[in-house]
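# Descriptive analysis of the structure
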Amino acid sequence: MVELINKVALITGASGGLGNFVTEAFLATGATVVGVARSIQPSAFAHPKFVAMPADLSKGEATKQMVDAAIQRFEKLDVLVHVTGGFAGGELIDNTDDVTWDKMMNLNLRSAFNICRAVLPHMRKAKRGRVIAIGARSAVEPKAYLSAYCASKAALVSLIRTAALEGKEDGITANVLLPGTMDTPANRADSPSADFSKWVPPAKVASLALWLASEEASQVSGALIPVYGAGL
Ligand SMILES: NC(=O)c1ccc[n+]([C@@H]2O[C@H](COP(=O)([O-])OP(=O)(O)OC[C@H]3O[C@@H](n4cnc5c(N)ncnc54)[C@H](OP(=O)(O)O)[C@@H]3O)[C@@H](O)[C@H]2O)c1
């Protein structure tokens, strides 16, 4: 069992389908969790070590202000789990509109850029840190009709691998988990007739995130970890 007592983890997208599991998993280790989403409330997790910090991560200045407030309160951030992201598509590249493109780039890439840009200076100063980002299988196996989604997740992978290289001398690791379709309430609602047993349980993705934050994973950086489950 991973113990992260006295550690502070900032988890973006904490209120979402996967973020819920990641937040519960980190709280169970004894870590303090700063949960971030645009509309997150303190009541989202009934735990004394949960703190809600609402922010729109597509906005650089708002992201920096939120991270600065977290640092002011806790004096450090040991772990960043960047879960925020989303999905859109269904059209050929030819018919993909600017709205879809910008939405995917903002949600999946710019949010990661903004949160890394805000958190990394503090980790660099502390000479330690763990960055764990949630990509997607489509980041390395693009699919037709999902150009904006796949391109944004592929760029996220590149950003996080760069963070791994730049963190090398400062005790910072950075890794990306690549889930296949997960068994979330939203996916069940969207595809009620699918075989849910083929989908990845979000709790398994949360466990891997936890492991990457643990002492055991101190030598793992720049990794892309497939989590494709029974649907492989
Ligand atoms: N679901 C899948 O099958 C699947 C498969 C592969 C990869 N993934 C990836 O896994 C991650 C989690 O997926 P999920 O299904 O759990 O997503 P989700 O349920 O839609 O949750 C998204 C979370 O991000 C927050 N968020 C959205 N926009 C934001 C913004 N601008 N600033 C700050 N927070 C924002 C949402 O809260 P607010 O709306 O309150 O901001 C929510 O907490 C994503 O990166 C997704 O791409 C998912």
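The present account deals with the structure reproduced in this document. Being a predicted model, the structure only gives us computed values, none of them experimental. (Residues numbered from 1 in each chain as written. Predicted model: local features only at pLDDT ≥ 70, side-chain atom pairs only at ≥ 80, totals over all residues. Heavy atoms only, no water.)

## Looking at the site of the ligand
In the vicinity of the ligand there are 26 residues, among which Ser15, Leu18, Arg38, Ser39 and Asn187 approach most closely. Between the ligand and Leu57, the relevant distance is 2.9 Å, taken from a nitrogen atom to a main-chain nitrogen or oxygen of the residue. At a separation of 3.4 Å, a nitrogen atom of the ligand approaches a polar side-chain atom of Thr84. If the ligand stood free it would expose 890 Å²; the protein chains cover 82% of that surface. Elements with a minimum of two residues in the shell around the ligand: helix H1 (17-28) and helix H4 (147-167). The residue makeup of the shell around the ligand, split by class, is eleven nonpolar, twelve polar and three charged. (Near = heavy atom within 4 Å. Polar contact = N/O pair within 3.5 Å; in protein donor to acceptor, adjacent residues only side chain to side chain. Areas by Shrake-Rupley, 256 points an atom, 1.4 Å probe, with all protein chains shown as cover. Helix = DSSP H or I, 4+ residues; strand = E, 2+ residues; numbered from the N terminus. Nonpolar A, V, L, I, M, F, W, Y, C, P; charged D, E, K, R; others polar.)

## A word on the sheet that holds strand E1 (residues 8-12)
Overall, parallel pairing links the seven strands, which are arranged E3-E2-E1-E4-E5-E6-E7 in an open sheet. Lying at the two open borders of the sheet, with one neighbouring strand each, are strand E3 (50-52) and strand E7 (224-227). Within the sheet, the average angular offset between the axes of one strand and its neighbour, ignoring direction, is 20°. Taken together, the six bridges between strand E5 (residues 129-134) and strand E6 (residues 172-179) define a ladder with parallel strand orientation. In the strand pairing of E6, Ala133 is matched with Val176. (Pairing = 2+ DSSP bridges. Axes fitted to C-alpha atoms, helices over the stretch in contact; angles between N-to-C directions.)

## Structural notes on unusual backbone geometry
When glycine is set aside, most residues are seen to have a negative phi, and most peptide bonds are trans. Look at Glu75: it is not a glycine, yet its phi comes out positive at around 70°. Within the element layout of this structure, Glu75 appears in the loop between helix H2 (60-74) and strand E4 (79-82). Glu75 gets classed as exposed once you look at its relative accessible area, which sits at 70%. Phi is positive for Tyr145, which is not a glycine, with a value near 70°. As for its placement among the helices and strands, Tyr145 is situated in the loop between E5 and H4. For Tyr145, a relative accessible area of 49% puts it in the partly exposed group. (Buried < 20%, exposed > 50% of the residue type's maximum accessible area, 1.4 Å probe, protein only.)

## As for the pattern of salt bridges
Opposite charge on two side chains permits pairing when their charged atoms draw close. Tallied over the full model, the rule gives nine salt bridges. Residue Asp78 is joined to Lys76 by a salt bridge in which the shortest nitrogen-to-oxygen separation is 3.1 Å. Between Lys198 and Asp195 there is a salt bridge; the shortest N-O distance is 3.4 Å. Through salt bridges that share partners, Lys76, Asp78 and Arg128 make up one connected network. (Salt bridge = Lys/Arg side-chain N within 4 Å of Asp/Glu carboxyl O.)

## Structural notes on the packing of aromatic side chains
Scanning the entire structure with this criterion turns up three aromatic pairs. An angle of 55° between the planes, with centres 4.8 Å apart, marks the rings of Phe45 and Phe50 as tilted. Just as Phe45 is buried, Phe50 falls in that class too. Judged by centre distance (4.9 Å) and plane angle (70°), the ring pair of Phe87 and Tyr149 falls under edge-to-face. You can see Phe87 sitting in the loop between E4 and helix H3 (98-126) and its partner Tyr149 sitting in helix H4, a full 62 residues away along the chain. Judged by its relative accessible area of 11%, Tyr149 is buried. Taking the ring centre of Tyr228 as reference, the NZ or CZ of Arg137 above it sits at 3.9 Å. (Phe/Tyr/Trp six-rings, centres within 6.5 Å; stacked < 30°, edge-to-face > 60°. Lys NZ or Arg CZ within 6 Å of the ring centre and 35° of its normal.)

## A short note on the environment of Ala69
By secondary structure assignment, the location of Ala69 is in helix H2. A sequence separation of 90 residues divides Ala69 from Leu159, and the C-alpha atoms of the two residues are 25 Å apart.

## A word on the environment of Thr29
Mapped onto the elements of the fold, Thr29 is located in the loop between H1 and strand E2 (32-36). Overall, Thr29 belongs to the buried group, its relative accessible area being 4%. Between the C-alpha atoms of Thr29 and Val83, which are 54 residues apart in sequence, the distance is 18 Å. Residues within four places of Thr29 in sequence aside, it is in contact with Met1, Val2, Glu3, Leu4, Ile5 and Leu210. (Contact = heavy atoms within 4.5 Å.)

## Brief notes about the pairing of E1
Two faces make up the sheet, and in a regular strand the side chains alternate between them. Burial of E1 is extensive: five of the five residues sit out of reach of the surface. Judged by which residues are buried, E1 turns out to be covered on both faces: Val8, Leu10 and Thr12 on one side and Ala9 and Ile11 on the other are all buried. By the bridge criterion, five bridges tie E1 to E2 in an arrangement that is parallel. Note that in E2 the partner of Ala9 across the bridge is Val33. Across four bridges, E1 lies against E4 in parallel orientation. Counterpart to Ala9 in the pairing with E4 is Val79.

By themselves these figures say nothing about function.
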